Amino acid sequence: MSGDGGYRSGFAAILGRPNVGKSTLLNALVGEKVAIVSDKPQTTRSRVLGVMSMPGGQIVFLDTPGLTQARNKLGEYMQSAAYDSLTGADAIVIVAACGAVGPKDRAIIEKFAKRKLPKILVLNKTDCAPRETIARDLQSFNAPPYDQYDAVLPLSAMTGDGVDTLRGLLFERMPEGPRYFPDDMITDQPEYMLCAELIREKALARLREEVPHGIGVEVQRVEKISSGLTEIHANIYVERAAHKGIVLGKHGRMLQAIGTQARLDIEKLLATHVSLQLWVKVREDWRNRADDLRTLGYARERG
Ligand SMILES: Nc1nc2c(ncn2[C@@H]2O[C@H](COP(=O)(O)OP(=O)(O)OP(=O)(O)O)[C@@H](O)[C@H]2O)c(=O)[nH]1
Ligand SMILES: [Mg+2]
C-alpha cells in the first residue's frame, strides 16, 4: 500500500444539485465511464467511486446522488449516500451549472463554504453558456462566504475543457498518503452492478415523466457460456402496473431498444459478445420498501 516516498493521495467527494453534471465530471476526471449519465435529475442513486492514478499519486473520487429533498425511502438512502461521502474526504468538489445557479445551488455552496477542507467550486457546462454568463457567475462568487473556496473554476465536463486544471488543483491539495487502489483499478463496482447501471441508463434515456424515476434494475445472473459469449439475465422493476406496458412498448419495441443499446455497451465493457435477457416486473411502490431497496443495492454499507 504505502511506502512510496512523496506519494500523494486522498479522497475527493463530488457534490451538488441533481443534473449539474457530477457524473459526467467523474467520468472525465478518471478518463473512463464509471458512472451513468442522463438528462433526468436523480440519475445517480449511490456513491460511485472512480480512481485517477498517476505516477506521483492517486485521487479517489466519490460521485454522489444530487442533493435534494428526499421524497421516499430511496431518496433518504440517496441523501445519506451523498453525505456519507464526506466521511474521510480530503477535498470536496461542489458542482453547479453555469447560467443556472439557483438559490438551492447557492444554499449548498454556502453550506460547504464552512467546511475546513480544501474545496473547489466547479461551474460546469461552460460549453453551452455565453462568455458573459460565465463572467457574471464568476463575479457573483467573489464575495464572502464564497471566498472560502480555494478556487472557482468554470469548466465543461462534456468537452473536457478545464478538467485538467481541476485535476491539478486537487492533486496539489492531496496529502501524502498510500496507494489506496492498484493503479489499473478505476472503480470498485462489481461487473454485475456496472451492467445493471448501463441497462438503467438506456431505460432513463428513453423513458419520460415519472416512469424513469421508478425504474430499478437487478442483474440476476452473469454466465460465461463460452470464451466469446456471456449470457446476462436482468429484471427491470417498475413501481406501478401501468408502467410495465410503457417499458415494454408497442410489440415490445421499447424493451428491445433498451436491451440492444445496453447490450452494445456491456459488450464493450466485458469485451465479449453478450446475450441479454430482460424481463419487466412490477414491484408496487418499491422505492418505499426496505426489502426491495436492499435487493437493488440501495442499502447502507455500514450501520
Ligand atoms: N452541455 C453540457 N451538458 C453537460 C455537461 N456535463 C453534463 N451535462 C449533461 O447534463 C445532464 C446531467 O448530467 P449528469 O452527469 O448525469 O448529472 P449529475 O449531476 O450526475 O446528475 P444526478 O446524478 O441526477 O445528480 C446530462 O444530460 C449530461 O449530458 C457539460 O459540461 N456540458
Ligand atoms: Mg449523477
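Quick notes on the rules
- Residues numbered from 1 in each chain as written.
- Chains lettered and ligands numbered in written order.
- Predicted model: local features only at pLDDT ≥ 70, side-chain atom pairs only at ≥ 80, totals over all residues.
- Heavy atoms only, no water.
- Core = buried A, V, L, I, M, F, W, Y, C linked by side-chain atoms within 4.5 Å.
- Buried < 20%, exposed > 50% of the residue type's maximum accessible area, 1.4 Å probe, protein only.
- Helix = DSSP H or I, 4+ residues; strand = E, 2+ residues; numbered from the N terminus.
- Contact = heavy atoms within 4.5 Å.
- Phe/Tyr/Trp six-rings, centres within 6.5 Å; stacked < 30°, edge-to-face > 60°.
- Lys NZ or Arg CZ within 6 Å of the ring centre and 35° of its normal.
- Domains from an automatic or database assignment.
- Buried area = accessible area lost by both parts, 1.4 Å probe.
- Salt bridge = Lys/Arg side-chain N within 4 Å of Asp/Glu carboxyl O.
- Donors = N, O, S within 2.8 Å, 3.2 Å for Na, K, Ca; no water.
- Near = heavy atom within 4 Å.
- Polar contact = N/O pair within 3.5 Å; in protein donor to acceptor, adjacent residues only side chain to side chain.
- Areas by Shrake-Rupley, 256 points an atom, 1.4 Å probe, with all protein chains shown as cover.
- Nonpolar A, V, L, I, M, F, W, Y, C, P; charged D, E, K, R; others polar.
- Pairing = 2+ DSSP bridges.
- Axes fitted to C-alpha atoms, helices over the stretch in contact; angles between N-to-C directions.

**Things to note about the nonpolar core**
With 29 residues, the main nonpolar core has Leu25, Phe61 and Leu166 as its most contacted residues. If you list the elements that add at least two residues to this core, you get strand S1 (8–16), helix H1 (22–30), strand S2 (48–54), strand S3 (57–63), strand S4 (91–97), strand S5 (119–124), strand S6 (151–154) and helix H5 (163–172). Not counting the four nearest positions on each side in its chain, Leu166 is found in contact with Leu25, Leu29, Val93, Ile120, Val122, Leu153 and Leu155. Membership of the second largest hydrophobic core comes to 27 residues, among which are Ala234, Ala262, Ile266 and Leu276.

**Quick notes on the packing of aromatic side chains**
Per the stated rule, a full pass over the model turns up four aromatic pairs. Ring centres of Phe11 and Tyr180 lie 4.8 Å apart, and the angle between their planes is 70°; this geometry places the pair in the edge-to-face category. Separated by 169 residues along the polypeptide, Phe11 in strand S1 and Tyr180 in the loop between H5 and helix H6 (191–206) bring together distant segments of the chain. Clustering of aromatic rings is evident, with ring pairs tying together Tyr77, Trp286 and Tyr298. Over the aromatic face of Phe141 sits the side chain of Arg106, whose NZ or CZ is 4.4 Å from the ring centroid.

**Considerations on the domain arrangement of the chain**
For interface size, the figure often reported is the accessible area lost on association. Taken as a whole, the chain is organised into domain 1 (8–172) and domain 2 (191–295). Computed over C-alpha atoms only, the centres of domain 1 and domain 2 are separated by 28 Å. Contacts between domain 1 and domain 2 engage twelve residues on the former and 19 residues on the latter. Interface of domain 1 and domain 2: buried area, both sides summed, is about 1,300 Å²; carbon and sulfur atoms make up 54% of it. When residues of domain 1 are sorted by the area they lose upon contact with domain 2, Ile36, Lys40 and Arg45 head the list and together hold 44% of the total. Across the domain 1-domain 2 interface, the total number found is one salt bridge. Notably, a salt bridge pairs Glu201 with Lys33, separated by 2.5 Å at the nearest N-O pair.

**Some remarks on the coordination of the magnesium ion (ligand 2)**
With distances of 2.0 to 2.1 Å, the protein atoms coordinating the magnesium ion (ligand 2) are Ser23 (OG) and Thr44 (OG1). You can see Ser23 sitting in helix H1 and its partner Thr44 sitting in the loop between H1 and S2, a full 21 residues away along the chain. We classify Thr44 as buried; its relative accessible area is 9%.

**Focus on the site of ligand 1**
As a structural note, the neighbourhood of ligand 1 is formed by 23 residues, with Lys22, Thr24, Gln42, Thr44 and Asp127 the closest of them. A distance of 2.7 Å separates an oxygen atom of ligand 1 from a polar atom in the backbone of Gln42. Between ligand 1 and Met158 there is a distance of 3.0 Å, counted from an oxygen atom to a backbone nitrogen or oxygen. Burial of ligand 1 by the protein amounts to 90% of the accessible area it has alone, namely 650 Å². Counting residues per element, the shell around ligand 1 draws most heavily on H1, which supplies three residues. In terms of residue class, the shell around ligand 1 is made up of seven nonpolar, eleven polar and five charged.

**A word on the sheet that holds S6**
The six strands are arranged S2-S3-S1-S4-S5-S6 in an open sheet whose pairing can be described as mixed. If you trace the sheet from one side to the other, it starts and ends with S2 and S6, each paired once. Across the sheet, the mean angle from the axis of one strand to that of its neighbour is 25°, orientation sign disregarded. Relative to S6, S5 is paired through four bridges, and the arrangement is parallel. The residue bridging Ile120 from the neighbouring strand is Ala151, located in S6.

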